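Read off the chains here:
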Amino acid sequence: MSFQIRKVAVLGAGVMGSGIAGHLANAGIPCLLLDIVPFNAAEGEDTSSKAFRNKYVNNAMAAFKKQKPAPLVTPAVKSLIEVGNFDDDMHKIADCDWVVEVVKEDMGIKQSLFAKVEEHLAPNAIVSSNTSGLSIKGMLEGRSDSFKERFLVTHFFNPVRYMKLLELVRGDATADWVVDAIHEFGEGTLGKGIVYGKDTTNFIGNRIGVYGMMKTLEMMQTEGMSIEAIDKIFGPAMGRPKSAVFRTADVVGLDTFIHVSMNCYDTLLEDEERDVFNVPAYLHTMVEKGMLGAKNRQGFYKRVTGADGAKVNRVLNVETFEYEDPKPVRYDSLGKARKIDDVRERVAAVMGSDDDAGKFAEKASLAVLAYSSRRIPEIADDVVNIDRGLRWGFGWDLGPFEIWDAIGVAHGVERMKALGFEVAPWVTEMLAAGRESFYAIEGSKDTYWDIPSKSAKVVPQSDRVVKIEYLKRTETNKLSSNMGATLWDMGDGVACLEFHTKMNAIDGAVVEAMNDAIDQVNARGLKGLVIGHDGDTYSAGANLGAVLMGVQMDQLNMVEDMVSGFQKANQRMRYSSFPVVTAPHGLALGGGMEVIMCGNAVQASSELFGGLVEFGVGLIPGGGGNLQLLRNLYGPYAEDREIDPFPFVKKAFMAIGMAQVSNSAENARQMGFLKPSDGISMNRDFVLSDAKAMVIGMADAGFRPPRQTGFLLPGPSGRATVDMLLYDMKINGQISAHDEIIGRKLGNVLCGGETSPTVAVSEEHLLELELEAFMSLVTMEKTKQRMEHMLKTGKPLRN
């Protein structure tokens, strides 16, 4: 049985330490968070009090509320964090299975702290450091052999909740079981992507990522490119985040960025490109002037209020240190790239273009690729760890060697030589051996070129990683397909319905595929169905364009059939003879949330941003969302005459009427979109596998479809209360007159229409009320204006 981590101590309550503690709490792991006792007290402050002695940790806990993006999946998880200080509470680490140090990057401070840790450490507890630059050998000076065997580096990236990368670096004496335990815990419990680095400065992610940024800064001067042009090039067009280069530096903090880069410059004396890390004078000047980036709202960019009252970003002139209006950036290569969905094709197209953007993208990228090739085996043993480090730590869609594969390895080598970039000998040796790419698909497996053995090996990954991409490699896995969705055989008697419309929007083809999936699973005698896919967005909702077109063409019967058909498909899923588990992740709005709630169970990614947001386009949910949310919230009590239904109705009304969107799966559970029994996977890559396991478990346990719910609802009396609430909000300017109309119709549906509180309302009747309200709203002129505005701008209109 593997080593179990049930409680963790985090030593250091700074941004990283509190972030790690917060994420442990997100994962349901009790945590002890300690820091130093303050040196100085304010006048009148009681230095013996817990409030004073735990001040730094308490301040960190209070800061959770203000931090953006939110470090906690819900404020309630803070209860899992116990606070204290090094002097009074160090003995409590004896109850912890893992102790992670996150104090100042100072060798003496860390050595002193580890000496205290060893006095109280449990005999089999693991110890790690979050250092990004200090040597393991130095930190372990004076420690026992047992301590050294249980020690490693665990380097998280900030913000901890959102950054997937966790770099593990073992020392000379680190035991295998220690590395295995942290790998399993980090990947499965914390949801991290594990990368193995070496005991070198800045490990993998920061070594290559910061080199790339610094090389770009260097080339900005030599190639005469502007800040805004570079950020336009190295954004989504090149498979990078929208923050690109300079916005990323601002987000990181320019003081932090300088520290990381100069750490490389000061310690990597043998690096052939050491000078690249030497920070240019203008960056030092910026920090001296207080231009620190996002933390004080001025760095390379400064957000200001324009003459029209709108917020705009001004860009720094690094010669005058004045902020200027950004110059328009237009390149043919970037315009064409926007039309290319496949990131490999898009990156190759940009790098192969003859305009200035293409030339700059090629030269800057090839410098990074060549440098990465020369860092093996210094910082990592293979291309996989380097690529994962950049994808998971810097948000690149493709790692360096994946980019190289996209443009062709041989072509890349040729261009590097032409530009004067040195390529590592092992790359040309690989090509000479007949291998044309770093990665390849052999059978159904991903392989990579292993440099020591000079052969292909299977890319290592957990057995819990299941992707539609893998199912596609075997043609017989495809059970049925149309323009909107495909049904795949996941094995072990489970099918998976994959949406593949734009933004995975719900349209007629998707509804048809939902019905077909039920028929296929029944006909084939399968155990059950998962509804999920690999895309970034689970579903952006119903196809609003199709609804609006039907209204504009006066084809209301078609619109009604479309909406009614979606209701019926969701109900069929709910009451099918086999278990249906929905597997959402990322964005799930409107109809996407209705699909989530149509299943018998949900296995969600922890990062789920979902809600019933139809109110913003002048509508209410039409695919059964009102019924589904009411059922989740009120269902267990819906036929109990002793229970007042209105608090449940009000909660559903506020969630829908305010278009509330969850900021996590746990938050979605609090809002009622997920049930208490639904599952949450911390690791996005495990969601489909976990959903499949849930289907199998439900089927093997003798699944039977649930009984339909009858709802005791308040009827006209509840509707009158809602109407008064809406009237007050309109009088106070909180909502518009049209909002009031929508709200009244929503209230009527949720209160059960013209019912009596003693008569149960059927699910079918609630769906009829919902459809009637939807169709009455969809033809209103202000609703059409809202739909048109949303389709044009992507933003709601208040009219």
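The coordinates are above.
**Description of the sheet that holds strand β11 (residues 322-324)**
Here three strands make up an open sheet; going across it, the order is β9-β10-β11 and the pairing antiparallel. Where the open sheet ends on each side, the last strands, each with one partner, are β9 (301-305) and β11. Strand-to-strand twist of the sheet, defined as the mean angle between neighbouring strand axes without regard to direction, takes the value 45°. Sheet topology places strand β10 (residues 311-317) next to β11; three bridges connect them, and they run antiparallel. Of the residues in β11, the one forming a bridge with Asn317 is Glu322.

**Considering the pairing of strand β2 (residues 31-35)**
Burial within β2 is extensive, with five of its five residues counted as buried. Of the two faces of β2, the one lined by Cys31, Leu33 and Asp35 and the one lined by Leu32 and Leu34 are each fully buried. Two strands pair when backbone bridges link them, and strand β1 (residues 8-11) and β2 are joined in this way by four bridges, in the parallel orientation. Its bridge partner being in β2, Ala9 is matched across the sheet by Leu32.

**A closer look at the sheet that holds strand β7 (residues 165-170)**
The strand order across the open sheet built from eight strands is β3-β2-β1-β4-β5-β6-β7-β8, with neighbouring strands paired in mixed fashion. The sheet is open, and its two borders are formed by β3 (81-85) and β8 (193-196), each paired with just one other strand. The average angle at which neighbouring strand axes cross in this sheet is 25°, direction not considered.

**What to know about the nonpolar core**
Leu283, Phe300, Trp404, Trp426 and Phe438 are the most contacted members of the largest nonpolar core, which totals 92 residues. No other element matches helix α16 (residues 356-374), which puts ten residues into this core. Excluding residues that lie within four positions of it along the chain, Trp426 makes contacts with Ser373, Ile376, Val383, Phe401, Phe438, Trp449 and Ile451. By size, the runner-up hydrophobic cluster in this structure holds 81 residues, among which are Val563, Met573, Leu627 and Ile742.

**Considerations on unusual backbone geometry**
Of note, the amide linkage connecting Lys68 to Pro69 takes the cis form, showing an omega dihedral of -5°. Relative to the helices and strands, Pro69 is located in the loop between α3 (55-63) and β3. Residue Pro159 follows Asn158 across a cis peptide bond; omega there is 0°. Along the polypeptide, Pro159 turns up in the loop between β6 (151-156) and β7. Phi is positive for Phe321, which is not a glycine, with a value near 60°. Position of Phe321 among the secondary structure elements: in the loop between β10 and β11. The exposure class assigned to Phe321 is buried, which follows from its relative accessible area of 17%.

**Structural notes on the packing of aromatic side chains**
As enumerated under the stated definition, the model contains 19 aromatic pairs in all. For the pair Phe3 and Trp177, a centre-to-centre distance of 5.2 Å together with 55° between the ring planes defines the contact as tilted. Here Trp177 lies in helix α8 (residues 176-189) and Phe3 lies in the segment before β1, a separation of 174 residues in the sequence. Relative to Phe648, the ring of Tyr634 lies with its centre 5.1 Å away and its plane at 25°, an arrangement referred to as stacked. One end of the pair, Tyr634, is in helix α26 (residues 625-634); the other, Phe648, is in helix α27 (residues 646-657), and 14 residues separate them in sequence. Of the residues examined, Tyr634 reaches a relative accessible area of 0% and is grouped as buried. An aromatic cluster is built from Phe401, Trp404, Trp426 and Phe438, whose rings are joined through pairwise contacts. Across from the ring centre of Trp396, 3.6 Å away, lies the NZ or CZ of Arg240, which sits over that ring. Positioned above the aromatic ring of Tyr371 is the side chain of Arg375, whose terminal nitrogen or guanidinium carbon lies 4.6 Å from the ring centre.

**Some words on the pattern of salt bridges**
A complete count under the given rule lists 47 salt bridges for this structure. Taking the shortest distance from any N to any O, the salt bridge between Glu272 and Arg375 comes out at 2.9 Å. Here Glu272, found in the loop between α12 (254-267) and α13 (281-288), pairs with Arg375, found in the loop between α16 and α17 (383-394); they are 103 residues apart in sequence, far enough to count as distant. Salt bridges here are not isolated pairs; linked through shared partners, they connect Arg207, Lys215, Glu218, Asp271, Glu272, Glu273, Arg374, Arg375 and Glu378.

**Focus: the environment of Ile126**
By secondary structure assignment, the location of Ile126 is in strand β5 (residues 126-129). The sequence separation of Ile126 and Lys457 amounts to 331 residues, and the corresponding C-alpha distance is 31 Å. When residues no more than four places from it in sequence are discounted, the contact partners of Ile126 are Phe3, Asp97, Trp98, Val99, Arg150, Leu152, Trp177, Val178, Ala181 and Ile182.

**As for α8**
Between its first and last C-alpha atoms α8 spans 19 Å; for 14 residues at 1.5 Å apiece the expected length is 20 Å, and the two agree. Taken together, the buried positions of α8 are occupied by Val178, Val179, Ala181, Ile182, Phe185, Gly186 and Glu187.

**Some thoughts on a positive patch on the surface**
Together, Lys232, Arg330, Lys336, Arg338 and Lys339 make up a region of like positive charge exposed at the surface. Tracing the chain through its elements places Lys339 in the loop between α14 (332-337) and α15 (343-351).

**Overview of the environment of Gly545**
With respect to the helices and strands, the residue Gly545 is situated in helix α23 (residues 544-552). Judged by its relative accessible area of 25%, Gly545 is partly exposed. Along the sequence, Gly545 and Met787 sit 242 residues apart, while their C-alpha atoms lie 8.1 Å from each other.

**Notes on the side chain of Asn570**
By the secondary structure assignment, Asn570 is in helix α24 (residues 556-574). Among the polar contacts listed, one links the side chain of Asn570 to the backbone oxygen of Gly623, at a separation of 2.8 Å.

**So, the packing of α27 against helix α30 (residues 716-731)**
Geometrically, a packed helix pair is captured by the angle between its two axes and the distance between the axes. In contact at an axis separation of 11 Å, α27 and α30 are set at 40° when each is read in the N-to-C sense. Accordingly, the angle class assigned to the pair α27 and α30 is oblique. Every pair of crossing elements has a handedness; the one defined by α27 and α30 is right-handed. Taking contact as the criterion, the partners of Phe646, Phe653 and Met654 in α27 are, on α30, Gly718, Thr721, Val722, Leu725 and Leu726. Classifying every residue of the contact of α27 with α30 by side-chain character gives six nonpolar, two polar and no charged.

**Description of a nonpolar patch on the surface**
Together, Ile36, Phe39 and Tyr56 make up an exposed nonpolar region whose accessible area comes to about 320 Å². Residue placement: Tyr56 occurs in helix α3. Tyr56 gets classed as partly exposed once you look at its relative accessible area, which sits at 34%.

**Re helix α1 (residues 15-26)**
A rise of 1.5 Å per residue sets the reference length of α1, with its twelve residues, at 16 Å; its end C-alpha atoms lie 16 Å apart and thus fit the reference within 8%. Where burial is concerned, most of α1 is hidden: eleven out of the twelve residues are buried. Listed as buried for α1 are Met16, Gly17, Ser18, Gly19, Ile20, Ala21, Gly22, His23, Leu24, Ala25 and Asn26.

Reading the values: the criteria
Residues numbered from 1 in each chain as written. Predicted model: local features only at pLDDT ≥ 70, side-chain atom pairs only at ≥ 80, totals over all residues. Heavy atoms only, no water. Pairing = 2+ DSSP bridges. Helix = DSSP H or I, 4+ residues; strand = E, 2+ residues; numbered from the N terminus. Axes fitted to C-alpha atoms, helices over the stretch in contact; angles between N-to-C directions. Buried < 20%, exposed > 50% of the residue type's maximum accessible area, 1.4 Å probe, protein only. Core = buried A, V, L, I, M, F, W, Y, C linked by side-chain atoms within 4.5 Å. Contact = heavy atoms within 4.5 Å. Phe/Tyr/Trp six-rings, centres within 6.5 Å; stacked < 30°, edge-to-face > 60°. Lys NZ or Arg CZ within 6 Å of the ring centre and 35° of its normal. Salt bridge = Lys/Arg side-chain N within 4 Å of Asp/Glu carboxyl O. Expected span 1.5 Å × (residues − 1). Patch = residues over 30% accessible without salt bridge, like charges linked within 9 Å, V, L, I, M, F, W, Y side chains within 5 Å. Areas by Shrake-Rupley, 256 points an atom, 1.4 Å probe, with all protein chains shown as cover. Lys, Arg positive; Asp, Glu negative; His and termini not counted. Charge placed at Lys NZ, Arg CZ, Asp CG, Glu CD. Polar contact = N/O pair within 3.5 Å; in protein donor to acceptor, adjacent residues only side chain to side chain. Parallel < 35°, antiparallel > 145°, perpendicular 65-115°, else oblique. Left-handed = near helix turned anticlockwise from the far one by under 90°. Nonpolar A, V, L, I, M, F, W, Y, C, P; charged D, E, K, R; others polar.

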